[in-house]
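Next come the chains, spelled out residue by residue.
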Amino acid sequence: MNIERPLPEITDQNRSFWESARAGRLKLQRCRDCGRWRYPPAHHCYWCLSEEADWEPVSGRGTVYSFVVFHQAFHPAFKDRLPYNVAVVELVEGPRLVTNIVGCRNDEIYVGMPVEAVYEPLTEEVTLVKFRPVEVWERADAVVD
Amino acid sequence: MPTTAKWPFRRRYCIVGVGNTPYGKLPGWSHVALNVEAIRRALDDAGLTKNQVDGVLTKAPTSDFQMLYSARVSQALGLSPKVTATIDQAGASNIGLIWYAMSVIEAGMAEVVVCSYGDNPLTGSRAAYRRIGGDEAAYGLMGAPAGYALITRRYMAEFGLKPEQLAAVAIACRKHAALNPNAQFREPITIEDYFNSRFVVEPLRLYDCCPITDGGAAVVVTSEERARDLKKPPVYILGVGQSHPAKDLVLREDWTTSGARESGRIAFEMAGITPKDVDVVQLYDCFTIVPIITLEDYGFCQKGEGGAFVEGGRIELGGELPMNTSGGLLAETGMPGMQLIVEAVRQLRGEAGPRQVPDAKIAVVSNQGGIMTTHATLVLGRER
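Reading the values: rules and limits
Residues numbered from 1 in each chain as written. Chains lettered and ligands numbered in written order. Predicted model: local features only at pLDDT ≥ 70, side-chain atom pairs only at ≥ 80, totals over all residues. Helix = DSSP H or I, 4+ residues; strand = E, 2+ residues; numbered from the N terminus. Rg over C-alpha atoms; globule rule 2.2 N^0.38 Å. Buried ≥ 20, exposed ≤ 12 C-beta atoms within 10 Å, placed from the backbone. Pairing = 2+ DSSP bridges. Contact = placed C-beta atoms within 7 Å. Axes fitted to C-alpha atoms, helices over the stretch in contact; angles between N-to-C directions. Nonpolar A, V, L, I, M, F, W, Y, C, P; charged D, E, K, R; others polar. Left-handed = near helix turned anticlockwise from the far one by under 90°.

## Thoughts on the overall build of chain A
- Of regular secondary structure, chain A possesses two helices and eight strands.
- Secondary structure elements of chain A occur, N-terminal to C-terminal, as α-β-β-β-β-β-β-β-β-α.
- Taking 2.2 N^0.38 as the reference for a compact globule, 145 residues should give roughly 15 Å; the C-alpha atoms of chain A span a radius of gyration of 16 Å, in line with that estimate.
- Overall, the C-alpha framework of chain A stretches about 50 × 35 × 25 Å when taken along its three principal axes.
- Per-residue burial over chain A gives 31% buried out of 145 residues.

Okay, here's the thing in structure tokens:
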């Protein structure tokens, strides 16, 4: 039996995020007033409370900020995937995303591991943004500049 | 009078009664009934009758969050109090209730206020603890342990925490619970047991996680003047603090310092104490990493040294700083926090029997909720 995993609820707030993932080019909200990245998507800027924002592409590069390995399924759709990892990746631009690390074993993941985004279509609407290890990329400040 | 303008509540309010139900699996008990039973026992303990209560404050049950909860509990108590309220700071709420109780007494709105929590997630619904939802569930992030596991991993990377140090917390709590007839898990565990227990969400093992429990606990708060002629000597509220990071992990800049730092600073300053004055601590331990971070943030040791601090029996009865003397969330009951306040009061009254810390004069309690999203601190004293 194929049990479907829980899907994100696509709203007016986050639609551009999921559309960019489907297009294979990650975009995040950026405050038009103070210039800070706004993730998770929100109506107001977390810093200056501005309502204005643009969806701008990000590098898709980052490092593993932390990660865990599930040995217990909290949802039947993940039972066959055990043990599976969940990571928080900090993009070089600053925002942190909840994700999975692919392309390596769970015991090869470490905090600080350099990674880049890969796109895994799940349904017609939803493409998951996952990350895979890469050789050390240029320093974060070089990428931002 | 020790009262100052800066700290109007200082040493002027007391806990005069504590009560709790059995903990564990309690079929046949609704969460409202567990609140009423805990309050009934706390009032007995104080030598008060229900008709002397004019404030009823509750923390909503985790498993069945609902509107007007304190009114429902008041109704079941047969009371129409002057003040009812439910405060939601998740696990930090219990101390939040005590803070609010002092505020309404100070304002002349009430004189005797009960603060209560009861829930029955073990026989009722566990859904709240296995929460599925949000965009993150598509990646498999769900349930209560995962957030704490993410913090633990990050802490390990920043400060070199060893699993043996997490184990020291679990082992101490089990050791203390063995001396508590009402504890849910009374069998001691060894370091081998810890490493033989399965991973739930790695790096957290089963013994790093508190259980889900049915039960209730309550305290009675009143003024120092009102406390004078009650059944037992009052326990004085010396200091109270709150501070809430209030952000999901992805938005929280620092994962390894919690609201405990600011909350503890406020509570210790209000109490006029430093960590070396503290005889016993009851620190919220839903997962083993939490008291380690709390000890650092309260200043019992430096940031990054919490793992070494809990080793070698220091936090066990007979050690330098006995912690979670009734077994904490990890072993007495997974109830979110009121039981820690109850145990602190019993320690200061000298009522803790075989787990009594000799001559305990000052106790510190921490409460926290969410994924270290909220924090509150209570400093209690045997003497004013």
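## Side note on the sheet that holds strand β1 (residues 27-31) of chain A
Residues and elements named next belong to chain A.
- Spatial ordering of the open sheet is given by β2-β1-β3, a layout of three strands whose pairing is antiparallel. Among the strands making up the open sheet, the edge pair consists of β2 (37-38) and β3 (53-57).
- In the sheet, β1 pairs with β3 via five bridges, with the strands oriented antiparallel. Opposite Arg 30, over in β3, you have Asp 54 as the bridge partner.
- Of the strands in this sheet, β1 and β3 touch helix α1 (residues 15-22), which is tilted by about 145° from β1.

## A look at the interface of chain B and chain A
- Across the contact, 25 residues belong to chain B and 28 residues belong to chain A.
- Listed by contribution, the elements that provide at least two residues to the side of chain B that touches chain A are α4 (144-159) and β5 (199-202) of chain B.
- Ranked by residue count, the leading element in the side of chain B that touches chain A is α4(B), at six residues.
- For the side of chain B that touches chain A, the class distribution of residues is 16 nonpolar, two polar and seven charged.
- Across two bridges, strand β4 (residues 61-70) of chain A lies against β5(B) in antiparallel orientation. From the neighbouring strand, A:Phe70 faces β5(B), where its bridge partner is B:Val201.

## With respect to the environment of B:Asp277
- Position of B:Asp277 relative to the elements: it lies in the loop between α8 (260-271) and β9 (280-282).
- Expressed as a C-alpha distance, the spacing of B:Asp277 and B:Pro354, which sit 77 residues apart in the sequence, is 23 Å.

## Describing the pairing of strand β5 (residues 84-91) of chain A
All names here are of chain A.
- Of all the eight residues making up β5, six are buried; the element is thus mostly covered by neighbouring parts of the structure.
- Bridge count for β4 against β5 is eight bridges, and the pairing is antiparallel. Each bridged residue has a counterpart across the sheet, and for Gly 62 the counterpart in β5 is Leu 91.
- In this antiparallel pair of consecutive strands, β5 and strand β6 (residues 96-99), the connection spans four residues, and Gly 94 shows a positive phi of 120°.

## Comments concerning the packing of helix α1 (residues 31-46) of chain B against helix α2 (residues 69-76) of chain B
Residue and element names in this part refer to chain B.
- The contact between α1 and α2 brings their axes to 9 Å, and the two run at 65°. Considering the relative orientation of α1 and α2, their crossing is right-handed. Facing Val 32, Asn 35 and Val 36 of α1, the residues of α2 in contact are Arg 72, Val 73 and Ala 76.
- Residue composition of the contact of α1 with α2, grouped by class: four nonpolar, one polar and one charged.

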